[in-house]
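# Fold and geometry: a report
Residues per chain are reported as follows:
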Amino acid sequence: MNMPILTQFQNAEQSIVIDGAVIHRDQFGRYCLNDLHKASGGADKHAPFRFIRNDQTQALIGELNRSPNMVNASIDSGIPLPPVEVIRGGLNQGTYVVKQIVYAYAMWISANFHLKVINTFDSLVTQKPAELSRMDLIQLALQAEQENQVLRGQVAILEPKALGGYFTDEQI
C-alpha cells in the first residue's frame, strides 16, 4: 500500500543530506549534531561533545537562550525550547541543535565543511518546488481518492457506534 501523501511530505521535511550523510531532525526541528559529525568525516577532535563544551559555543547557547527574537520555540506550542538537547539511549539518541548552532559547528570544523553546510541549507530555502508531470498529478489524485474511500469506509463503520445505537433522522 502507498504511503499517505501527507506522510510523504512530512518525512521529506524531517532530514537533509550533506555529502551523502542524512542529517536527522527531532520533533521540534532541531538537527542532529552527531549526523553532522559523520558528514564532516567523523574525526574524534570534532566530536559534538567537544564542540558543546567549547567556551565560544557555550556563549552562543547562552545568547540564544536570552534572545527573544531567536526562533527556538516549538512550532506547535510556542513554548521556548532549549537550543541544545542531548538524548541518551533509544533510537533517536544524539545531540540536537538549532540551525544557528549547526552553522557554528560547521565553522568550527573547517571552512570547507562550513561552506557545504551553508550551500545545503541555502539550496533548501531557494529551491523551486519540483514541477510535477501530468502523470504525477493523476497518480496523486488517484492515491488521494483511494485514501478518501478508505476513510469513508472507516467512518461508515464507526459512525453507528459513535451515535450509541441512536438513529439519525434519515434512518427513521
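Here is a short report on the structure shown in this document. Fair warning: this is a prediction, and the values are worked out from it, not measured in the lab.

Here is what the cut-offs are and how they apply
Residues numbered from 1 in each chain as written. Predicted model: local features only at pLDDT ≥ 70, side-chain atom pairs only at ≥ 80, totals over all residues. Heavy atoms only, no water. Core = buried A, V, L, I, M, F, W, Y, C linked by side-chain atoms within 4.5 Å. Buried < 20%, exposed > 50% of the residue type's maximum accessible area, 1.4 Å probe, protein only. Helix = DSSP H or I, 4+ residues; strand = E, 2+ residues; numbered from the N terminus. Contact = heavy atoms within 4.5 Å. Axes fitted to C-alpha atoms, helices over the stretch in contact; angles between N-to-C directions. Parallel < 35°, antiparallel > 145°, perpendicular 65-115°, else oblique. Nonpolar A, V, L, I, M, F, W, Y, C, P; charged D, E, K, R; others polar.

## Brief notes about the nonpolar core
- The biggest cluster of nonpolar side chains holds 24 residues, and the ones touching the most others in it are Ile18, Leu36, Ile101, Phe113 and Val117.
- Broken down by secondary-structure element, the contributors of at least two residues to this core are strand S1 (16-18), strand S2 (21-23), helix H2 (33-39), helix H3 (48-53), helix H4 (55-66), helix H5 (99-109) and helix H6 (111-126).
- Looking at this core element by element, the count peaks at 6 residues for H5.
- When neighbours within four sequence positions are excluded, Val117 is seen to be in contact with Ile18, Leu36, Val102, Tyr103 and Ala106.

## Observations concerning the packing of H5 against H6
- Close contact between H5 and H6 brings their axes to 7 Å; oriented N to C, the two are set at 150°. When the axes of H5 and H6 are compared, the pair comes out roughly antiparallel. Residues Lys99, Val102, Tyr103, Ala106, Met107 and Ile109 of H5 form the contact with H6, whose participating residues are Phe113, His114, Val117, Ile118 and Phe121.
- Considered class by class, the residues forming the contact of H5 with H6 number 9 nonpolar, 1 polar and 1 charged.

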